[in-house]
Amino acid sequence: MDLVRSKLLSAFPHGFTTRRGGVSPAPWDDLNLGGSVGDDPARVAENWHRLEAATGLLFARVRQVHGARVVHLDAASVPVEEADAVVSTEPGIAACVSVADCVPVLLADPGSGAVCAVHAGWRGTIARVAAEGVRALAEIAGAPPSRLLAAVGPSIGPCCYEVSPELADRFRTELGPVVAGGPAPRLDLWAANRRVLEAAGVAPDRIEVLGRCTSCERDTFFSHRRDAGRTGRQMAFIAPHQPTGGRALP
Ligand SMILES: [Zn+2]
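Residues numbered from 1 in each chain as written. Predicted model: local features only at pLDDT ≥ 70, side-chain atom pairs only at ≥ 80, totals over all residues. Heavy atoms only, no water.

1. Some thoughts on the overall build of the chain
Logical step 1: When helices and strands are tallied, the chain shows five helices and 13 strands.
Logical step 2: At a minimum sequence separation of 6, the contacts of the chain that also span at least 24 residues come to 62%.
Logical step 3: With the model as given, the accessible surface of the chain reaches about 10,100 Å², and the carbon-plus-sulfur share is 51%.
Logical step 4: Computed over 26 positive and 27 negative side-chain charges, the separation of the two mean positions in the chain equals 3 Å. (Helix = DSSP H or I, 4+ residues; strand = E, 2+ residues; numbered from the N terminus. Contact = heavy atoms within 4.5 Å. Areas by Shrake-Rupley, 256 points an atom, 1.4 Å probe, with all protein chains shown as cover. Lys, Arg positive; Asp, Glu negative; His and termini not counted. Charge placed at Lys NZ, Arg CZ, Asp CG, Glu CD.)

Next comes the structure, spelled out in structure tokens:
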């Protein structure tokens, strides 16, 4: 199974899934991990089994609603609870979010080992959901924002994300120069989430933007916009540090 990883987060079990390593046919080919995109539930379940087997992790999932609520889960769960960020403090239990153009942000505290996975589409970005994740790690794990590590994962890039002039203006007002100009403005959600993280106190050199565009990389990633909604979902996940004496980190 091909997983994209962040160098900054290498001490934590984590990854961004790609299309490869699953059993689903087109248009969900082939590692579709989304349960409500028209794929056969038995195939989606097999894809999840493969992810669990490849990583040795269990997954704490939420029902994403493009908001800014964070939930602390310490057991595997199916996506029922409504939230757009998940904190885990239990080794072996991965916080995760589902995406197919929206920005996944993974946060990790090297001090406590606690982690958070954040789902930030344009609505979540403007609602500063990544900052809510930073705040939650401070409250739950006592993690000062300056100690956190952050990775901004594969998502639709400023190369491809055309938006309306109205939405571009809203982002300029809220978050500064995160829009490329021209008659068809293109929004840079990577830069926007970097600004949200930095404003929340995360150090600039502790933020890694992977710079992988889901829309450009057709063979590697699902892209909701490129595929006009007929596509699968990839997951971004991160689990706390294993306890001392636990099995080796991947
Ligand atoms: Zn692109």
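Having put the structure on the table, let's press on.
2. Details of the coordination of the zinc ion
Logical step 1: Coordination sphere of the zinc ion, protein contribution only: Cys159 (SG), Cys160 (SG), Cys213 (SG) and Cys216 (SG), at 2.3 Å.
Logical step 2: Within one chain, the residues donating to the zinc ion are spaced in sequence as C-C-x52-C-x2-C. With Cys159 in the loop between β9 (149–152) and α4 (165–175) and Cys213 in the loop between β12 (207–209) and β13 (234–238), the pair connects residues that are 54 residues apart, well separated along the chain. (Donors = N, O, S within 2.8 Å, 3.2 Å for Na, K, Ca; no water.)

3. Regarding unusual backbone geometry
Logical step 1: Between Ala26 and the following residue, Pro27, the backbone shows a cis peptide bond with an omega angle of 5°.
Logical step 2: Topologically, Pro27 is positioned in the loop between β2 (14–17) and α1 (41–55).
Logical step 3: Between Asp29 and the following residue, Asp30, the backbone shows a cis peptide bond with an omega angle of -15°.
Logical step 4: By the secondary structure assignment, Asp30 is in the loop between β2 and α1.
Logical step 5: The backbone of Arg128 sits at a positive phi, close to 60°, despite the residue not being glycine.
Logical step 6: Residue position: Arg128 is located in the loop between α2 (122–126) and α3 (129–141).
Logical step 7: Positive phi, normally seen in glycine, also occurs at Ala228, with a value near 50°.

4. Things to note about the sheet that holds strand β6 (residues 93–99)
Logical step 1: As summarised here, the arrangement of the five strands in space is β1-β2-β13-β6-β3, forming an open sheet in which the pairing is mixed. With partners counted over all chains shown, the strands left at the sheet margins are β1 (3–4) and β3 (58–60), one partner each.
Logical step 2: One ladder, built from three bridges, connects β3 with β6; its direction is parallel. Within β6, the residue paired with Leu58 across the bridge is Ile93.
Logical step 3: Packing against the sheet, α1 makes contact with β1, β2, β3, β6 and β13, and its axis sits at approximately 115° to β3. (Pairing = 2+ DSSP bridges. Axes fitted to C-alpha atoms, helices over the stretch in contact; angles between N-to-C directions.)

5. Describing the pattern of salt bridges
Should the charged atoms of two oppositely charged side chains come close, the side chains can pair.
Logical step 1: Here the structure, examined in full by the defined rule, presents 14 salt bridges.
Logical step 2: Between Arg63 and Glu82 there is a salt bridge, and its shortest N-O distance comes to 3.4 Å. Within this pair, whereas Arg63 is found in the loop between β3 and β4 (70–72), its partner Glu82 is found in the loop between β4 and β5 (85–88), the two being separated by 19 residues in sequence.
Logical step 3: For Arg218, the salt bridge is made with Asp227, and the minimal N-O distance between the two is 3.8 Å.
Logical step 4: One salt-bridge network, held together by shared partners, links Arg218, Arg226 and Asp227. (Salt bridge = Lys/Arg side-chain N within 4 Å of Asp/Glu carboxyl O.)

6. Examining the side chain of Gln234
Logical step 1: Assignment of secondary structure puts Gln234 in strand β13.
Logical step 2: Overall, Gln234 belongs to the buried group, its relative accessible area being 3%.
Logical step 3: Engagement of the side chain of Gln234 in a polar contact is seen with the backbone nitrogen of Phe222, the distance being 2.9 Å.
Logical step 4: Among residues more than four places away in sequence, those in contact with Gln234 are Thr17, Val97, Ser98, Val99, Ala100, Thr214, Phe221 and Phe222. (Buried < 20%, exposed > 50% of the residue type's maximum accessible area, 1.4 Å probe, protein only. Polar contact = N/O pair within 3.5 Å; in protein donor to acceptor, adjacent residues only side chain to side chain.)

7. Side note on the layout of surface pockets
Logical step 1: By volume, the largest pocket is sized at about 720 Å³.
Logical step 2: Along the walls of the largest pocket sit 29 residues, with Gln64, His66, Ser98, His119 and Arg233 positioned nearest its centre.
Logical step 3: Every element with two or more residues in the lining of the largest pocket is listed here: β6 and α2.
Logical step 4: Sorting elements by how many residues they give to the lining of the largest pocket places β6 first, with four residues.
Logical step 5: Counted by class, the lining of the largest pocket contains 14 nonpolar, nine polar and six charged residues.
Logical step 6: Each pocket or cavity is described by its volume, and for the second largest pocket that value is around 170 Å³.
Logical step 7: Sorting elements by how many residues they give to the lining of the second largest pocket places α1 first, with four residues.
Logical step 8: Residues that form the lining of the second largest pocket fall into these classes: seven nonpolar, one polar and two charged. (1 Å grid on protein atoms, 1.4 Å probe; cavity = no way out; pocket = protein on both sides within 12 Å on 5 of 7 lines; lining within 4 Å. Points joined across faces, edges and corners; volume = space filled by probe spheres on them. Nonpolar A, V, L, I, M, F, W, Y, C, P; charged D, E, K, R; others polar.)

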